[in-house]
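What the coordinates show
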Amino acid sequence: KKDGYDWYMRKEIFEQPRAVADALLGRWSAEGQLQLDELRLSEGELREIDKIVVIGCGTANYSGLVAKYAIEHWTRIPCEVELAHEFRYRDPILTRNTLVVAISQSGETADTLMAIRYAKLQKAKVLAICNTNGSTIPRESDAVIYTHAGPEIAVASTKGFLTQLIACYLLGLYLAQVRGTKFGDEITAVVRELELVPAKVQQQLDRCEEIYALAREHADTRSVLFLGRHAGFPVALEGALKLKELAYIHAEGFAAGELKHGPIALIEEGLPVFCVMPPKGRDQLHDKMASAVQEVRARGARTIALVEEGDDAASYADTVIPLPKVPTLLQPLVAVVPLQLFACELATVMGHDVDQPRNLAKSVTVE
Ligand code: M6R
């Protein structure tokens, strides 16, 4: 069943090029329009949406954080992201024109289910992004986008995450198409980039031995930090979550700009710090983050930078993991892959059960 892999997780990491391709399948019509056939919400209803709230837990919450960057940029609709278990306890402002997007791989997470029931009582429209056909969350939602990743068995989400991102991007682009906030050729250009992603994820997987070697060097590590900015920030959070749940070590993700507001005090000699570098762009984010990386390096951290090919990262980082070129908003799709490989291998060398980490269940069906 594991196709020769030692763990389901490793198998599922390597299934990601196929999973992403399947998540994209059939979304583009012969007329050059995005189509979300399963959606069940009319174009009229989508035009009236004036606020989006994305809810989910764990990894699904991090997909939501990426979604916010993309959806607001493409649609100009205000988008909030909230942990599903916090959502209904804070008296959120919801109307008929609020779209609540509930992200859940399993479709059975109790926290997310309770949150959508609450949202429906408040008359908000609820759209599920889900991997499990016929599960409770999509059944109780007004609309659904299935992620088509295939069964995810390992407790740690991998292909579930990548395909949730694809569904979020498709939703953002579809809203932009329906509401006319992006020109058709701009939408086409992003879809073309998405179609190139399976091959780029495969490129990352082909370099797995380098990442495994890095993991083996860290077999005694007790703490790892992850830094990111913009869409790389949720990737940092996801990289840290993977290490917590699989390797049982202290791991934290930060927005790099936050360092000097406290976390830099954690830096000590030899501390591994993964840095998800923004691609070099017009907004100087890359250069600002590079100087943050230099600061932690000057304080003794071992900096491991994930950078776009061609970035001269050797000047500011100890170890460089090259990433294929992708637009900034899509970078999480390729940047998270080495972090998944790292966590899987580190947990393996530490002798842990990668597929069934202690104290965790695949689907959390109690609040
Ligand atoms: O099935 P769901 O997507 O609703 O699950 C949400 C979280 O429990 C899940 O993503 C969890 O954080 C994973 N174990 C992370 O790898």
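Now for a quick tour of the structure. (Residues numbered from 1 in each chain as written. Predicted model: local features only at pLDDT ≥ 70, side-chain atom pairs only at ≥ 80, totals over all residues. Heavy atoms only, no water.)

It is worth spelling out the nonpolar core at this point. Within the largest apolar cluster, 94 residues are counted, with the highest numbers of intra-cluster contacts made by I52, L243 and F274. The element best represented in this core is helix α8 (residues 159-179), accounting for 14 residues. Other than its neighbours up to four places away in sequence, I52 contacts I71, I77, P78, C79, E80, L99, V101 and L175. (Core = buried A, V, L, I, M, F, W, Y, C linked by side-chain atoms within 4.5 Å. Buried < 20%, exposed > 50% of the residue type's maximum accessible area, 1.4 Å probe, protein only. Helix = DSSP H or I, 4+ residues; strand = E, 2+ residues; numbered from the N terminus. Contact = heavy atoms within 4.5 Å.)

Take the sheet that holds strand β9 (residues 302-308) next. Read from one edge of the open sheet, five strands run β7-β6-β8-β9-β10, paired in parallel fashion. With one partner strand each, in any of the chains shown, β7 (250-255) and β10 (319-323) form the two edges of the open sheet. On average, each strand axis in the sheet is inclined to that of its neighbour by 20°, with strand direction left out of account. Note: strand β8 (residues 272-276) against β9, five bridges, orientation parallel. Bridge pairing links F274 to I304 in β9. Sheet contacts for helix α13 (residues 332-349): β6 (223-228), β8, β9 and β10; angle to β10, the most-contacted strand, approximately 130°. (Pairing = 2+ DSSP bridges. Axes fitted to C-alpha atoms, helices over the stretch in contact; angles between N-to-C directions.)

As enumerated under the stated definition, the model contains five aromatic pairs in all. Both rings, one in F226 and one in F274, keep their centres 5.1 Å apart while their planes meet at 10°; by these two values the pair is stacked. With F226 in strand β6 and F274 in strand β8, this residue pair connects regions lying 48 residues apart in the sequence. The burial state of F226 is the same as that of F274; both residues are buried. Ring pairs connect the aromatic residues F226, F274 and F342, which therefore count as one cluster. Over the ring of Y212 we find R10, and its NZ or CZ is 5.0 Å from the ring centre. Directly above the aromatic system of Y248 lies the positively charged group of R358, at a separation of 3.9 Å from the ring centroid. (Phe/Tyr/Trp six-rings, centres within 6.5 Å; stacked < 30°, edge-to-face > 60°. Lys NZ or Arg CZ within 6 Å of the ring centre and 35° of its normal.)

Quick look at the pattern of salt bridges now. Counted under the stated rule, the structure contains 25 salt bridges. When the shortest N-O distance is used, the salt bridge between E38 and R27 registers 3.4 Å. Here E38, found in the loop between α2 (16-24) and α3 (43-48), pairs with R27, found in the loop between α2 and α3; they are 11 residues apart in sequence, far enough to count as distant. The exposure class of R27 is buried, given its relative accessible area of 6%. Across the salt bridge formed by R216 and E345, the nearest N and O atoms sit 2.9 Å from each other. (Salt bridge = Lys/Arg side-chain N within 4 Å of Asp/Glu carboxyl O.)

Now for the pairing of β6. Counting buried positions along β6 yields six of six residues, so the element is predominantly enclosed. Of the two faces of β6, the one lined by S223, L225 and L227 and the one lined by V224, F226 and G228 are each fully buried. As a crossover connection, the stretch from β6 through helix α11 (residues 232-247) into β7 is right-handed. Strand direction decides the pairing type here: β6 and β8, joined by four bridges, are parallel. By the bridge assignment for β8, G228 is matched with V276. (Right-handed = clockwise from strand over helix to strand, strands pointing away.)

We now examine empty space enclosed by the protein. Here the idea is plain: a probe the size of a water molecule rolls over the atoms and shows the empty space left. Using the criterion set out here, one finds one cavity of 30 Å³ or more in the structure. The volume enclosed by the largest cavity comes to roughly 50 Å³. Lining the largest cavity, in full, are Q204, R207, E210, I211, I321, P322, P338 and L341. Contributing elements (two or more residues each) for the lining of the largest cavity: α10 (208-217), β10 and α13. The residue inventory of the lining of the largest cavity, partitioned by class, reads five nonpolar, one polar and two charged. (1 Å grid on protein atoms, 1.4 Å probe; cavity = no way out; pocket = protein on both sides within 12 Å on 5 of 7 lines; lining within 4 Å. Points joined across faces, edges and corners; volume = space filled by probe spheres on them. Nonpolar A, V, L, I, M, F, W, Y, C, P; charged D, E, K, R; others polar.)

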